[in-house]
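# Fold and contact review
One letter stands for each residue in the lines below.
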Amino acid sequence: SDSPGKSFESFGFSHQEMANMVVKLLKDIGLTTNFARLVLILGHGSSSLNNPHESAYNCGACGGGRGGPNARAFAWMANNEDVRKLVKQLGVNIPDDVHFIGGFHNTCSERIEFFDLDHVPNSHRQAFRDMEQSLIEARRRNAHE
């Protein structure tokens, strides 16, 4: 299930390096078993309009960089069949029916943007809609609070 356009290998990552990254992140967050069929990986960042101090609202841990591109790249790697074979060899078995979606969470506006939705299998589209509704409700409650 490769993404269109350039292969990530053309940007300097071998399949083995991608598998290592996938395993590292999954182990770091404690997700190595009992996968949901749909896994959302969100990068974060912030934006502000007409504010000369905008950078103060950006993430200090990442120097103001936004994590959407990393989330998108991770989802691509974790969905790639060749990478998954290597991930399994490294001890993490991601079931065949698990699909990763990368996205970006704007922590200022609470807006969430999802990437590559055209790659979500038809069998997972209802789960995505359900998850999206849950996120909308969580955003609404957070705004109210």
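What this report covers is the structure whose coordinates are included nearby. (Residues numbered from 1 in each chain as written. Predicted model: local features only at pLDDT ≥ 70, side-chain atom pairs only at ≥ 80, totals over all residues. Heavy atoms only, no water.)

### Focus: the packing of helix α1 (residues 15-28) against helix α2 (residues 68-79)
Selection rule: Note on geometry: axes are C-alpha line fits, over the in-contact stretch for helices, and angles between N-to-C directions span 0 to 180 degrees. Each helix is a run of H or I in the DSSP string that is no shorter than four residues. Each strand is a run of E no shorter than two, and both are numbered from the N terminus. Under this scheme an angle from 65 to 115 degrees is roughly perpendicular, one under 35 degrees roughly parallel, and one over 145 degrees roughly antiparallel; angles in between are oblique. We call two residues in contact whenever any of their non-hydrogen atoms come within 4.5 Å of each other. Note that Gly is not counted as nonpolar here; it falls among the polar residues with everything else outside the nonpolar set of Ala, Val, Leu, Ile, Met, Phe, Trp, Tyr, Cys and Pro and the charged set of Asp, Glu, Lys and Arg.
Look at α1 against α2: their axes get within 9 Å of each other, and the N-to-C directions meet at 110 degrees. Between α1 and α2, the angle is such that the two are roughly perpendicular. The residues of α2 that touch α1, namely those facing M18, M21, V22, L25 and L26, are F74, W76, M77 and A78. Looking at the contact of α1 with α2 residue by residue, the classes come out as 9 nonpolar, no polar and no charged.

### Quick word on the packing of aromatic side chains
How we decide: Under the pairing criterion, centres of Phe, Tyr and Trp rings, with the six-membered ring standing for Trp, must be within 6.5 Å; the plane angle then separates stacked pairs below 30 degrees from edge-to-face pairs above 60, leaving the rest tilted. The classification of residues rests on relative accessible area computed with a 1.4 Å probe and restricted to protein chains. Under 20% of the type maximum is buried, over 50% is exposed, and intermediate values are partly exposed.
What the rule picks out here adds up to 2 aromatic pairs. Plain terms: the ring middles of F74 and F100 are 5.9 Å apart, the flat faces sit at 80 degrees to each other, and that makes the pair edge-to-face. With a gap of 26 residues between them, F74 in helix α2 and F100 in strand β2 (residues 99-106) connect regions that are remote in the sequence. Summarising the burial analysis for this pair, F74 and F100 share the class buried. A ring pair is formed by F114 and F128, whose centres lie 5.0 Å apart and whose planes are at 85 degrees; its orientation type is edge-to-face. Linking F114 in strand β3 (residues 112-114) with F128 in helix α4 (residues 125-144), this pair joins segments that are 14 residues apart in sequence. A relative accessible area of 15% places F114 in the buried class.

### Topic: the pattern of salt bridges
In plain terms, the rule: Counted as salt bridges are all cases of a side-chain nitrogen of Lys or Arg within 4 Å of a carboxyl oxygen of Asp or Glu.
Considering all chains together, one arrives at 5 salt bridges under this definition. For D28, the salt bridge goes to K24, with nearest N and O atoms at 3.0 Å. Pair noted here: D28 and K24 are both in helix α1, with a separation of 4 residues, about one helical turn. Look at D28 and you get exposed, because its relative accessible area is 54%. Between D97 and R37 there is a salt bridge, with the nearest N and O atoms lying 3.6 Å from each other. One end of the pair, D97, is in the loop between α3 (81-89) and β2; the other, R37, is in the loop between α1 and β1 (38-45), with 60 residues separating them in the sequence. Linked by salt bridges that have partners in common, E137, R140 and R141 make up one network.

### Regarding the nonpolar core
Quick reminder of the rule: Residues belong to a common nonpolar core when they are buried Ala, Val, Leu, Ile, Met, Phe, Trp, Tyr or Cys residues joined through side-chain atoms within 4.5 Å.
V22, L26, F35, V87, I94 and F100 are the most contacted members of the largest nonpolar core, which totals 23 residues. Looking at this core, the elements that each hand over two or more residues are α1, β1, α2 and α3. Per-element tally for this core: the top contributor is α2, with 7 residues. Among all residues touching F100, those that are not within four sequence positions of it are L26, F35, V39, I41, F74, A75, A78, N79, R84 and I94. Core analysis: the next-biggest nonpolar cluster, separate from the first, contains 7 residues, I101, I112, F114 and V120 among them.

### Observations regarding the environment of R139
Among the secondary structure elements, R139 is positioned in helix α4. Between the alpha carbons of R139 and E110 there is a distance of 6.4 Å; along the sequence they are 29 residues apart. Non-local contacts of R139, meaning those with residues more than four positions away in its chain, are made with E110, R111 and I112.

### Comments concerning unusual backbone geometry
Even without a glycine there, the phi angle at N34 is positive, about 55 degrees. With respect to the helices and strands, N34 occurs in the loop between α1 and β1. For D116, which is not glycine, the phi torsion reads 55 degrees and is therefore positive.

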